[in-house]
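Listed below are the residues making up each chain.
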Amino acid sequence: MTAPRLPAAEGEAAFSVIRLDGATLDRATRLDEALGQVPAVGLFRRTSGLTANPTTQGLSLRAMAPTGAGRALVTLDGVPLNDPFGGWVIWAQVPPEGLSGVDVVRAGGTGPYGAGALTGSVLLRERDTGGAWTAAIGERGSARLAGSGTGDLGPLRWVVTAGLEQTDGHVPVRPPDAGAADRPLDLEAGSASLRLDLPMGGALLSARGAVFQEMRGSGVEGSDAEASGTALSLTATRQPDAGQPGWRVQVWRRTSDLQNRFVATAPDRSSTSPANHQFHTPATAWGLNAAWRMKRDGLETELGVDARRAEGETNERYRFMGGTFTRSRQAGGETSVAGVYAEASATRGPWLMAGGLRLDHWSAHDGLRVERDLQSDALMLDDRPADQSGEVVSARLGVRRALSPEWSVRAAAYSAFRPATLNELHRPFRVGNDITEANAALVPEQLTGIEVGLARETKRLDLRATLFANRIEDAIVNVTIGQGPGVFPRAGFVPAGGVLRERQNAGTIEAVGLELEVEARPREGLTLRTALSATDARVDGGLQAPQLTGLRPAQAPIWSATASVDWTPAPDWTVSADARWESRRFDDDLNSRVLDPALTVSMRAERRLSPDLAAWVEAVNLFDADVETAETGTGVVSFGPPRTLWIGLSRRW
């Protein structure tokens, strides 16, 4: 292996890991849509990054408690892709053409992954060889061009990836609720990256740089968003080989900026008025990680360190009166986390035993929230919250036993944690007439869990089943604390039909679930897959939020299922279909806003024009299903994209 990463640890087989290969990614136009093929994996709202505001693109696993910040850690060859200010992931920064594979680790503990891997981790592997490009056009002004390639320049190997995407979008609110103020969710996005690999003796030195930007409408007049950022990393790696240890040392830096314009919508949706202009949100994160791995006589050990630091602030104008904004807000701070860990696995006959221990120190410091009157420059609020810090110990233990060449069983216990993001700590926000207050006193949420699994793998049939029970303590939840119309401390005026929420460590969330996966290959050229996830998550608000006790977390469906078929009816033809169904979910903490169940089906027909070139046509949401994604306090529902037809060319080599 010649890559800026260590190979997958053998101990991962004791935990719940789903691998998406290059063939799966080849059919995906967006990375988050490819991940959606795994049940109970998705963004905060039931839509993709094609139409979602950047602040709702957080990824969560197992549908225990989705949030806009996300409760899963996403890395590209070890570098976190989660935004340094808000924790969400701008999916347009990673075209699938630039990846060779993805590992989805459902829960499994913090382990070597680090802070943020509360409900699991998504480990992306960048392409090392070959290349791919895609050119496609679709309905409603949609177009996409993306590609990735590799080559050699003397002793250097280079990997270049770039992508452009645009759409005029769809209007999320439909008649009779829609009014003159409703607008399409248009999008323009672009990204580019360059990686250079230089062999140095038995090691590899890799330098990577990347940039991205996306601009999108938010569905109503006067409301839009823009996100941009950069990433730099330097990685030195030596692969373990023939009893010799392997190691990896990596430093990285990420920057991001976010602009958001929010509006208040008239009751009849005929007009809007400015409510908040988040015009500058600079954030920077730095990181260092190192790992040493040794394998000998069936025993694999890994020792590592991981440190991250983030700083950022939001600059906003709000309180629109008399045709102008009358208040300004600056809020932000710094967070850091640093940890050391030890992992080990041993293979003895049919047994695989794996485990690890991790110690992290976290802190949130130098916070501020300053609000001024723009006309008089009078200081309206000067809040300097107290610094916070602490230690978290996390561990995991897994056992797997092969019962026969086909059957195996496993069991695992684990813990993980996620510190609050700068966004959750310091930035209040508004969506329509709903206002959510920040909370600088938030402490990390912590997860403990157990699971058991059964698997069968044969030439024609793969079966996997997992039972799990997880508990999130000090869960960060947006808790309803007031109803509009009214004036509230700090938050100010909440309009009629709106609610006031505050981020709180609101008790615990307990979830029990079942995951079933089947892949059948009855004959050459035909593959059938189906999967089911059932997660019953319930909140215990305790004394902090007793009104939430017994309710389900927002945006957490109990049932989700996927099914797909890949069929090669002739040597040059491939037909595929994918279906995803989810049960109802709630759009708020009080379970008062119900989003109906949804079933979507997509189909794709591809004809190979040459060994590496194919033309294809695809229908996304083939049956034009109504997918409810959000509901306001007055009952106005937003919907996901309608049926969209695409045609394109793809080349893989």
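Residues numbered from 1 in each chain as written. Predicted model: local features only at pLDDT ≥ 70, side-chain atom pairs only at ≥ 80, totals over all residues. Heavy atoms only, no water.

## Section: the overall build of the protein
The helix and strand tally for the protein stands at 3 helices and 41 strands. Taken against the 2.2 N^0.38 rule, which gives 26 Å for 653 residues, the C-alpha radius of gyration of the protein at 24 Å falls within 12% of a compact globule. Projected onto its principal axes, the C-alpha coordinates of the protein cover approximately 70 × 55 × 55 Å. In the protein, buried positions account for 56% of the 653 residues. Nonlocal contacts in the protein, meaning residues at least 24 apart in sequence, comprise 65% of its contacts between residues at least 6 apart. As displayed, the protein has an accessible area near 25,800 Å², and 60% of this comes from carbon and sulfur atoms. For the protein, the distance from the average position of its 69 positive side-chain charges to the average position of its 79 negative side-chain charges is 3 Å. (Helix = DSSP H or I, 4+ residues; strand = E, 2+ residues; numbered from the N terminus. Rg over C-alpha atoms; globule rule 2.2 N^0.38 Å. Buried < 20%, exposed > 50% of the residue type's maximum accessible area, 1.4 Å probe, protein only. Contact = heavy atoms within 4.5 Å. Areas by Shrake-Rupley, 256 points an atom, 1.4 Å probe, with all protein chains shown as cover. Lys, Arg positive; Asp, Glu negative; His and termini not counted. Charge placed at Lys NZ, Arg CZ, Asp CG, Glu CD.)

## Focus on the pairing of strand 41 (residues 644-652)
Side chains Thr644, Trp646, Gly648, Ser650 and Arg652 of strand 41 all project onto a buried face; the interleaved residues Leu645, Ile647, Leu649 and Arg651 project onto a face where none is buried. One ladder, built from 7 bridges, connects strand 8 (residues 131-138) with strand 41; its direction is antiparallel. When the bridges of strand 41 are listed, Ala135 appears paired with Leu649. With 8 bridges joining them, strand 38 (residues 613-620) and strand 41 adopt antiparallel strand pairing. Bridging from a neighbouring strand, Ala614 pairs with Ser650 of strand 41. (Pairing = 2+ DSSP bridges.)

## A short note on the pattern of salt bridges
Under the definition given, this model contains 62 salt bridges. The partner of Lys295 in a salt bridge is Glu10, and the shortest N-O contact between them spans 2.1 Å. Remark: Glu10 occurs in the segment before strand 1 (17-20) and Lys295 occurs in strand 16 (residues 283-296); sequence separation between them is 285 residues. The class for Lys295 is partly exposed, based on a relative accessible area of 37%. On the basis of relative accessible area, Glu10 is assigned to the partly exposed category, the value being 30%. Among the salt bridges present, the one from Arg369 reaches Glu371, with a minimum N-O distance of 2.9 Å. Salt bridges sharing partners connect three or more residues here, namely Arg5, Asp77, Glu126, Asp128, Arg195, Asp197 and Arg208. (Salt bridge = Lys/Arg side-chain N within 4 Å of Asp/Glu carboxyl O.)

## Quick look at the pairing of strand 14 (residues 246-265)
Strand residues, when the strand is regular, have side chains that alternate between the two faces of the sheet. With respect to burial, strand 14 is a largely interior element, 14 of its 20 residues being buried. The sheet contact formed by strand 13 (residues 224-238) and strand 14 spans 15 bridges and is antiparallel. For Ala227, the partnering residue across the bridge sits in strand 14 and is Leu258. Linking two consecutive strands that pair antiparallel, namely strand 14 and strand 15 (residues 272-280), is a turn of 6 residues; a positive phi of about 60° is found at Arg269 within it.

## Remarks on the nonpolar core
Counting residues in each nonpolar core, the largest one holds 24 residues, and the members touching the most others are Leu31, Leu35, Leu59, Val102 and Leu124. Not counting chain neighbours up to four residues away, the residues in contact with Leu124 comprise Leu31, Val74, Thr75, Leu76, Asp77, Leu81, Val94, Leu99, Gly101 and Val102. Ranked by size, the runner-up nonpolar core spans 22 residues in total, among them Ala65, Ala412, Leu447 and Val539. (Core = buried A, V, L, I, M, F, W, Y, C linked by side-chain atoms within 4.5 Å.)

## Quick word on the sheet that holds strand 7 (residues 120-126)
Pairing is mixed in the open sheet, where 5 strands are placed in the order 1-6-7-4-5. Looking at the sheet topology across the chains shown, the edges are occupied by strand 1 and strand 5 (79-80). The pairing of strand 1 with strand 6 (residues 99-106) spans 4 bridges and is classified as antiparallel. Bridge pairing in strand 6 places Ile18 opposite Val104.

## Quick notes on the sheet that holds strand 27 (residues 476-483)
What the 4 strands build is an open sheet, ordered 23-24-30-27; its pairing is mixed. Of all the strands in the sheet, just strand 23 (429-431) and strand 27 have a single pairing partner and so form its edges. Between one strand axis and the next, the sheet turns through 25° on average, direction left out of account. With 3 bridges connecting them, strand 24 (residues 434-437) and strand 30 (residues 499-505) associate as parallel partners. Bridge pairing in strand 30 links Glu437 to Glu502. (Axes fitted to C-alpha atoms, helices over the stretch in contact; angles between N-to-C directions.)

## Topic: a nonpolar patch on the surface
A contiguous nonpolar patch, built from Val305, Val340, Leu357, Leu359 and Val393 and spanning about 420 Å² of accessible area, is present on the exposed surface. You can see Val340 is positioned in strand 18 (residues 324-348). (Patch = residues over 30% accessible without salt bridge, like charges linked within 9 Å, V, L, I, M, F, W, Y side chains within 5 Å.)

## Considerations on unusual backbone geometry
Omega for the bond connecting Pro175 with Pro176 falls within 30 degrees of zero, at 5°, which places this linkage in the cis form. Structurally, Pro176 can be placed in the loop between strand 10 (156-167) and strand 11 (187-200). With an omega dihedral of 5°, the bond running from Gly484 to Pro485 counts as a cis peptide bond. Mapped onto the secondary structure, Pro485 falls in the loop between strand 27 and strand 28 (486-488).

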